[in-house]
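Here's the letter readout for the chains.
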Amino acid sequence: MNFDFFEPRDGQLHAEDVPLARIASEFGTPTYIYSKAALTRAWYEFTAELAGRDALVCYAMKANSNLAVLNTFARLGAGFDIVSGGELTRVIAADGDPRKVIFSGVGKRVDEIALALHHDIHCFNVESLPELERVNAVAQGLGKQAPISFRVNPDVDAGTHPYISTGLKENKFGIEYGMAIALYRKAASMPGVRVAGIDCHIGSQLTDVAPLLQALERMLALVDALGAEGIPIHHLDLGGGLGIRYSGETPPDPRAYMREIIRRIGSRRLKLMFEPGRNLVGNAGILLTRVEHLKTASAKNFAVVDAAMNDLLRPSLYSAHHEIIAVSPSDVMPQRYDVVGPVCESGDFIGKDRALAIREGELLAVMSAGAYGMVMSSNYNTRPRAAEVMVDGATPYLVRRRESVAELFAGERILP
Ligand SMILES: *Cc1c(COP(=O)(O)O)cnc(C)c1O
């Protein structure tokens, strides 16, 4: 498994050199825990083959936008892929460089475009003709020229969950492949934009690189055709999507993937860009939770824990599988449990039919929860959001304090 920074020592699960039980007693549960060493290793694995090349890796921060996570990547030289003005503001708060930011997303507002222009971001990934016209108009109004790239939909099937597949014709994302050249011609004639690159992003949690490489071939055909028309493309952004191991998957090795890409680029002079999200953070985080009750029924046993779908939505939303591990060994016989939260929905589960040797009050670690975990959390059932801790060696740092109930309704008012 890829959990090397979350391993048992003397039977006690640790995050790097810190026992998880210590984090629970200091910071409570449920708590998200990130390993700085795991984040750093994922970054080096992703970027190793790009050393010495003109390349920019923009962490897709929607996967996990805690400031400490962003700052860890910023210090490693990362750019950021953002999908809102709020995310840009976070990049700046985390000491990231806005000039290494690319702005993705189908619904950019005028004020968000203006904010991004004000901070001289690296590129706008434009997803439609109306958006192109809007970016052009806002830039002209500010006396600027916006660097743009079109997100082209290569119409390949990523073979992943329909909610996280984005590269097919029927998806809302990107411009149609057959429209690309006409749109580039149009952009080249607009005074408020400057054609910088081309991009695609076909889906998430891909465990096979074949569709990614198929998309690459289609993008390269467009790069060549545009070059022949006198519209030079300076960068090729292949998006994110590289999968991780949750349980039985064998995800692609980022280094082998990079080597394949570099080989196919050949002698073309293209800056290479990527937007990895999950791959950089997924296995670098866990969710620590405590067993409240063990409930036995005739058909099923339930372990009711203090984390719920509002803390980790992926199992409920995508039927996603997360490994669940007891933090300390217990001398009881393992039994099969559905691990569920206290939220009033039958869809509130963290894992189904898991063999666990546990007692009430003990701790469970929900593995591979670093991506699309905390960021998708909510306050449903007036549940304060979890704390977040980042471990660096032997030190746990609280990087987001647990919410209080009072904060949850601080903005609300009753009628006079
Ligand atoms: C979500 C997203 C990513 C990151 O996807 P991962 O599967 O987490 O790597 C990259 N680019 C765009 C445009 C996205 O929407």
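Thresholds applied
Residues numbered from 1 in each chain as written. Predicted model: local features only at pLDDT ≥ 70, side-chain atom pairs only at ≥ 80, totals over all residues. Heavy atoms only, no water. Helix = DSSP H or I, 4+ residues; strand = E, 2+ residues; numbered from the N terminus. Rg over C-alpha atoms; globule rule 2.2 N^0.38 Å. Buried < 20%, exposed > 50% of the residue type's maximum accessible area, 1.4 Å probe, protein only. Contact = heavy atoms within 4.5 Å. Areas by Shrake-Rupley, 256 points an atom, 1.4 Å probe, with all protein chains shown as cover. Near = heavy atom within 4 Å. Polar contact = N/O pair within 3.5 Å; in protein donor to acceptor, adjacent residues only side chain to side chain. Nonpolar A, V, L, I, M, F, W, Y, C, P; charged D, E, K, R; others polar. Pairing = 2+ DSSP bridges. Right-handed = clockwise from strand over helix to strand, strands pointing away. Salt bridge = Lys/Arg side-chain N within 4 Å of Asp/Glu carboxyl O. Domains from an automatic or database assignment. Buried area = accessible area lost by both parts, 1.4 Å probe. Core = buried A, V, L, I, M, F, W, Y, C linked by side-chain atoms within 4.5 Å. Arc of directions from axis to C-beta.

1. Quick look at the overall build of the chain
No. 1: From N to C terminus, the chain includes twelve helices and 21 strands.
No. 2: Taking 22 Å as the expected radius of gyration for a compact globule of 416 residues, we find that the chain reaches 23 Å, a close match to that expectation.
No. 3: For the chain, the spread of C-alpha atoms along the three principal axes comes to 70 × 60 × 40 Å.
No. 4: Within the span of the chain, comprising 416 residues, buried residues form 54% of the whole.
No. 5: Residue pairs at least 24 apart in sequence account for 70% of intrachain contacts in the chain once pairs closer than 6 positions are excluded.
No. 6: Accessible area of the chain: about 17,600 Å², with a carbon and sulfur share of 51%.

2. Description of the site of the ligand
No. 1: The environment of the ligand is made up of 14 residues, and the closest members are Lys62, Ser204, Glu275, Arg278 and Tyr372.
No. 2: A distance of 2.3 Å separates an oxygen atom of the ligand from a polar atom in the side chain of serine 204.
No. 3: Grouping the constituent residues of the shell around the ligand by class yields three nonpolar, six polar and five charged.

3. Section: the pairing of strand β8 (residues 123-126)
No. 1: Of the two faces of β8, both are covered, the one formed by Cys123 and Asn125 as well as the one formed by Phe124 and Val126.
No. 2: When strand β7 (residues 101-103) meets β8, the two strands line up parallel, connected through two bridges. Bridge assignment links isoleucine 102 to a residue of β8, and that residue is cysteine 123.
No. 3: Handedness of the β-α-β unit built from β7, helix α5 (residues 110-118) and β8 comes out right-handed.
No. 4: The pairing of β8 with strand β9 (residues 146-153) spans three bridges and is classified as parallel. When the sheet's bridge partners are listed, valine 126 is paired in β9 with phenylalanine 150.
No. 5: Between the parallel pair β8 and β9, the chain is carried across by helix α6 (residues 129-141), and the sense of this crossover is right-handed.

4. Regarding the side chain of glutamine 205
No. 1: With respect to the secondary-structure elements, glutamine 205 resides in the loop between β11 (193-199) and α8 (210-228).
No. 2: Here glutamine 205 falls in the buried class, since its relative accessible area comes to 12%.
No. 3: Polar side-chain contacts of glutamine 205 include one of 2.9 Å to the backbone oxygen of isoleucine 244.

5. Some words on the pattern of salt bridges
No. 1: As enumerated under the stated definition, the model contains 25 salt bridges in all.
No. 2: Ionic pairing is found between aspartate 4 and arginine 41, a salt bridge with its closest N-O pair at 2.9 Å. Remark: arginine 41 occurs in helix α2 (residues 36-47) and aspartate 4 occurs in the segment before β1 (8-9); sequence separation between them is 37 residues.
No. 3: Accessibility expressed as a relative area gives 32% for aspartate 4, which makes it partly exposed.
No. 4: Classification of arginine 41 as partly exposed rests on a relative accessible area of 28%.
No. 5: Arginine 109 serves as the salt-bridge partner of aspartate 111, at 2.9 Å between the closest nitrogen and oxygen.
No. 6: Connected via shared salt-bridge partners are Glu217, Glu260, Arg263 and Arg264.

6. Re the domain arrangement of the chain
No. 1: Domain annotation of the chain identifies domain 1 (8-34 + 282-408) and domain 2 (36-279).
No. 2: Here the C-alpha centroids of domain 1 and domain 2 sit 32 Å apart.
No. 3: Counting from both sides, the interface comprises 23 residues of domain 1 and, opposite them, 20 residues of domain 2.
No. 4: For the pair domain 1 and domain 2, the summed buried surface comes to about 1,900 Å²; carbon and sulfur atoms form 56% of the total.
No. 5: A per-residue breakdown of the area domain 1 buries against domain 2 is headed by Tyr318, Tyr372 and Met390, which together make up 30% of the total.
No. 6: Linking domain 1 to domain 2 there are one salt bridge.

7. Side note on the sheet that holds strand β2 (residues 12-15)
No. 1: Taken together, the three strands give an open sheet; going across it, the order is β1-β2-β3, and neighbouring strands pair in antiparallel fashion. The sheet is open, and its two edges are formed by β1 and β3 (18-19), each paired on a single side.
No. 2: Pairing between β2 and β3: two bridges, direction antiparallel. Residue pairing in the sheet places histidine 14 in a bridge with proline 19 of β3.

8. Things to note about the nonpolar core
In globular proteins that are soluble, nonpolar side chains generally tend to be buried together.
No. 1: If you look at the biggest cluster of nonpolar residues, it comprises 99 residues, and the most contacted ones within it are Phe124 and Ile148.
No. 2: Two domains each donate at least three residues to this core, and these are domain 1 (8-34 + 282-408) and domain 2 (36-279).
No. 3: Phenylalanine 124 has contacts with Phe103, Lys108, Ile113, Ala116, Leu117, Val135, Ala146, Pro147, Ile148 and Ser149, leaving out every residue within four places of it along the chain.
No. 4: If you look at the next biggest cluster of nonpolar residues, it comprises 18 residues, including Phe6, Leu13, Ile33 and Ile286.

9. A short note on helix α1 (residues 20-27)
No. 1: Buried residues of α1: Leu20, Ile23, Ala24 and Phe27, and no others. When α1 is viewed along its axis, its buried side chains cluster within an angular range of 100 degrees and face the same direction.
No. 2: Downstream of α1 by a residue or two, glycine 28 has a phi angle that is positive, lying close to 80 degrees.

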